[in-house]
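A closer look at the structure
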Amino acid sequence: MTSLYPETYARWKRDPTAFWDEAAEAIDWFQPVGKVFDPDMGAYGRWFAGATCNTCFNCVDRHVEAGHGARTALIYDSPVTGTVATFAYDDLLAQVNALAHVLRTQGVGKGDRVIIYMPMVPEAIFAMLACARLGAIHSVVFGGFAARELATRIDDAAPKFIVSASCGIETSRVVAYKPLLDEAIAMASAKPEGCLILQRDRLTCDLVPGRDIDYAETVGAALASGATTECVPVLATDPLYILYTSGTTGQPKGVVRDNGGHMVALKWTMEHHYDVRPGETFWAASDVGWVVGHSYICYAPLLHGCATVLYEGKPVGTPDAGAFWRVIADHKVVALFTAPTAFRAIKKEDPSGALIGDYDLSAFRTLFLAGERSDPATITWAQANLDRPVVDHWWQTETGWPMSGNPAGLGLLPVKPGSPGVPMPGYEIDVLDDAGHAVPRGTLGNIVCKLPLPPSGFPTLWNAEARFRQAYLDEFPGYYATSDAGIMDEDGYVFIMARTDDIINVAGHRLSTGAMEEVIASHADIAECAVVGMADTLKGQLPIGFFVTSAGVDRSEAEVERELVALVREKIGPVAAFKTAIAVPSLPKTRSGKVVRGTMQKIADGTDWQMPATIDDPSSLDDIAAALKARGLIG
Ligand code: COA
Ligand code: AMP
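Described in the following lines is the structure provided in the data block.

Scoring rules and cut-offs
Residues numbered from 1 in each chain as written. Chains lettered and ligands numbered in written order. Predicted model: local features only at pLDDT ≥ 70, side-chain atom pairs only at ≥ 80, totals over all residues. Heavy atoms only, no water. Salt bridge = Lys/Arg side-chain N within 4 Å of Asp/Glu carboxyl O. Buried < 20%, exposed > 50% of the residue type's maximum accessible area, 1.4 Å probe, protein only. 1 Å grid on protein atoms, 1.4 Å probe; cavity = no way out; pocket = protein on both sides within 12 Å on 5 of 7 lines; lining within 4 Å. Points joined across faces, edges and corners; volume = space filled by probe spheres on them. Helix = DSSP H or I, 4+ residues; strand = E, 2+ residues; numbered from the N terminus. Phe/Tyr/Trp six-rings, centres within 6.5 Å; stacked < 30°, edge-to-face > 60°. Lys NZ or Arg CZ within 6 Å of the ring centre and 35° of its normal. Near = heavy atom within 4 Å. Polar contact = N/O pair within 3.5 Å; in protein donor to acceptor, adjacent residues only side chain to side chain. Areas by Shrake-Rupley, 256 points an atom, 1.4 Å probe, with all protein chains shown as cover. Nonpolar A, V, L, I, M, F, W, Y, C, P; charged D, E, K, R; others polar. Domains from an automatic or database assignment. Pairing = 2+ DSSP bridges. Axes fitted to C-alpha atoms, helices over the stretch in contact; angles between N-to-C directions. Contact = heavy atoms within 4.5 Å.

This next bit is on the pattern of salt bridges. On inspection of all chains with the given rule, the structure shows 34 salt bridges. Between Asp275 and Arg277 there is a salt bridge; the shortest N-O distance is 3.7 Å. Look at Arg277 and you get partly exposed, because its relative accessible area is 43%. For Glu559, the salt bridge is made with Arg555, and the minimal N-O distance between the two is 3.1 Å. Judged by relative accessible area, which is 33%, Glu559 ranks as partly exposed. Among the charged side chains, a network of salt bridges with common partners joins Lys178, Asp182, Arg211 and Asp212.

Next up on the list: empty space enclosed by the protein. Throughout the structure, instances matching the rule amount to four cavities of 30 Å³ or more. Estimates place the volume of the second largest cavity at around 60 Å³. Along the walls of the second largest cavity sit 13 residues, with Asp392, Asn406, Val415, Lys416 and Ser419 positioned nearest its centre. No other element matches strand S20 (residues 390–392), which puts three residues into the lining of the second largest cavity.

On to the packing of aromatic side chains, then. Tallied over the entire structure, the rule returns 36 aromatic pairs. Residues Phe19 and Trp20 carry aromatic rings whose centres are separated by 4.9 Å and whose planes lie at 85° to one another, so their mutual orientation is edge-to-face. By the ring-pair criterion, three or more aromatic residues cluster together here, those being Tyr274, Phe282, Tyr296, Phe337, Phe368 and Trp395. Arg153 extends its terminal NZ or CZ atom over the ring of Phe145, reaching a point 4.5 Å from the ring centre. Over the face of the ring belonging to Tyr493 we find Lys416, whose NZ or CZ atom lies 4.6 Å from the ring centre.

Neighbouring residues of ligand 1: 24 residues in total, closest Glu170, Arg173, Lys314, Lys539 and Arg569. At 3.4 Å, a backbone N or O of Gly144 approaches a nitrogen atom of ligand 1. Interatomic distance of 3.5 Å between a side-chain N/O atom of Tyr177 and a nitrogen atom of ligand 1. Bound to the protein, ligand 1 loses 85% of the 940 Å² it would expose on its own. Grouping the amino acids of the shell around ligand 1 by side-chain chemistry returns 11 nonpolar, six polar and seven charged. Taken domain by domain, the makeup of the shell around ligand 1 includes at least three residues from each of domain 1 (5–313 + 393–486) and domain 2 (507–630).

Here the focus is the site of ligand 2. Neighbouring ligand 2 are 16 residues, the closest being His393, Thr397, Asp484, Arg499 and Arg510. Within the side chain of Thr397, an N or O atom sits 2.6 Å from an oxygen atom of ligand 2. Contact between ligand 2 and Arg499: an oxygen atom at 2.7 Å from a side-chain N or O atom of the residue. For ligand 2, whose unbound accessible area comes to 500 Å², protein coverage reaches 92%. Residues that form the shell around ligand 2 fall into these classes: five nonpolar, five polar and six charged.

Take the sheet that holds strand S19 (residues 366–369) next. Read across the sheet, seven strands follow the order S5-S4-S17-S16-S18-S19-S20 without closing on themselves; strand pairing throughout is mixed. In the strand order of this sheet, the two ends are held by strand S5 (83–88) and S20, each with one partner. Ignoring which end each strand starts from, the neighbouring axes of this sheet average 20° apart. Pairing between S19 and S20: three bridges, direction parallel. Bridge assignment links Leu367 to a residue of S20, and that residue is Val390. In this fold helix H4 (residues 89–105) packs onto strand S4 (72–78) and S5, with an angle of close to 90° to the strand it touches most, S5.

Here it is as structure tokens:
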């Protein structure tokens, strides 16, 4: 079939307002859309200003009202607890109504912030939707972050309430969430008025009298009484959620997502990019703590009337490398979305894909990969073993949906391994040099998107408008700076090659090396340090720390390393996957004192590197190479 992509993209470009006005018809509005785009609002304009709506209504109520209450909405598949539970849209509505009732009784209302610190359990989805129902703004914090990271988010968002659980369950261990929550609240200056705690059988916790309330007890009572809570109308431009993501400092950025534009864009992608129909099962194997989890575990599949899979397990080890195929077969998944690292993990354990043959994958149509660069070897392995289209697509927390991709719903374009496809309608992507001039096709440069960002694009950072402008808008006037570097080829395909800032990508998780350096530098024995991302065959990148001890420190390097590894785990969390810190006599710097992290990374990756002309002491780079060699990290 010839792809409808070229004419669809051209139609958007000719008249973006008409394009999004038409897409907005797929959403039920309380106050209909008047002005599709207001260029005078916000930093670069706002979508659907003045219209009112409710995201929970569009995800849940309207399907029930349309007679689809018996249709499956949510499938909780948890190999770590041996549970599979299915919720029809009717059940989802009852659960969300009850939880919203409890939250409202606790004083949560429109505009209040609610932090959700939860493992991959259905109650996390109920909590997101219950907040949306009340017009409250949720902020989900990933469970792999430590107490200090949670405290930073509590202080920034100042939540009225927190929804959490007693524990999360990893393959190797049970993670007690409650002590982390208590520690974070103790550390934070902004104190929540209360916490709703889900007790899980595997590890229960004590509740703080006067502050904590029990989820099962209170929500159970609301369910039993049939309590309902109306969907509070909010402006399309009101925030639905804040999602914190790594920036170039230890202070995470609170990406703000609106209600109206978010719904319009996500609903459009389900049909046109992911090629999924209402009633079918969509699975994003991610975590609710990441943007992929927000958009494609929770909101988009439900907006579209699909069944969504919430998977509490891993691609390998729960129990084996056939886990993904088992879930696809059991729930008739038509489209799977995950990070390439999951496929690298599967490929490592089952190189010939032998386990795939044990399952009936007849419903499965397309594999979508994103979150990090898809190496051609992983794409080729997946294509060959699944014998289905494998689509790489590129996006960011800031946008909430793909900026580039291969729109299966419009008809697939030829796949170019190594490229996450072509710009989606809504995104005019350019590649600029550092002075802001367009570079010729095929030349590496800064990837930027012409303003305005399309619906769902973030309008600001929470409590940080100046940082928003400075980090994203000021460098290339008229454009959104993505902080990704790459090229666009003659056919308009984008290739994402690297970040232009200090962000690294570890197992599809976005992490700041600057934040790790801040933690290491806080150790009493450290004079200076640098963290770089080193290529890793499984996780894409892994952080490697280099440190110089202060004069007079006379302790074993191994002992200091152990303390630094423990410190990063304690302050940032296990998700940082920080396991290596190497002592060096000095850090390589330019004559003006800048640490040459880029060159250090090239040495660690074993790629070609040149001595920077401005290097102060060339032997310091030899010391880095020697230290890596001594550890067996390079040949
Ligand atoms: N709560 C608490 N701890 C968590 C956690 C959570 N929700 N998620 C991860 N962690 C911990 C892990 O247990 C691990 O701890 P460890 O150092 O004690 O082993 C650490 O954080 C690092 O986690 P991760 O990077 O996920 O490594 P892993 O070895 O557990 O699994 C993969 C590796 C590839 C299997 C895994 O990263 C994966 O499934 N990735 C899939 C894609 C994905 O989720 N991408 C996100 C964006 S799309
Ligand atoms: P996050 O905001 O956590 O989703 O991370 C966004 C970053 O992940 C992007 O800026 C890219 O650096 C990287 N990324 C996401 N998807 C891709 C992809 N398909 N190819 C290459 N890099 C990607």
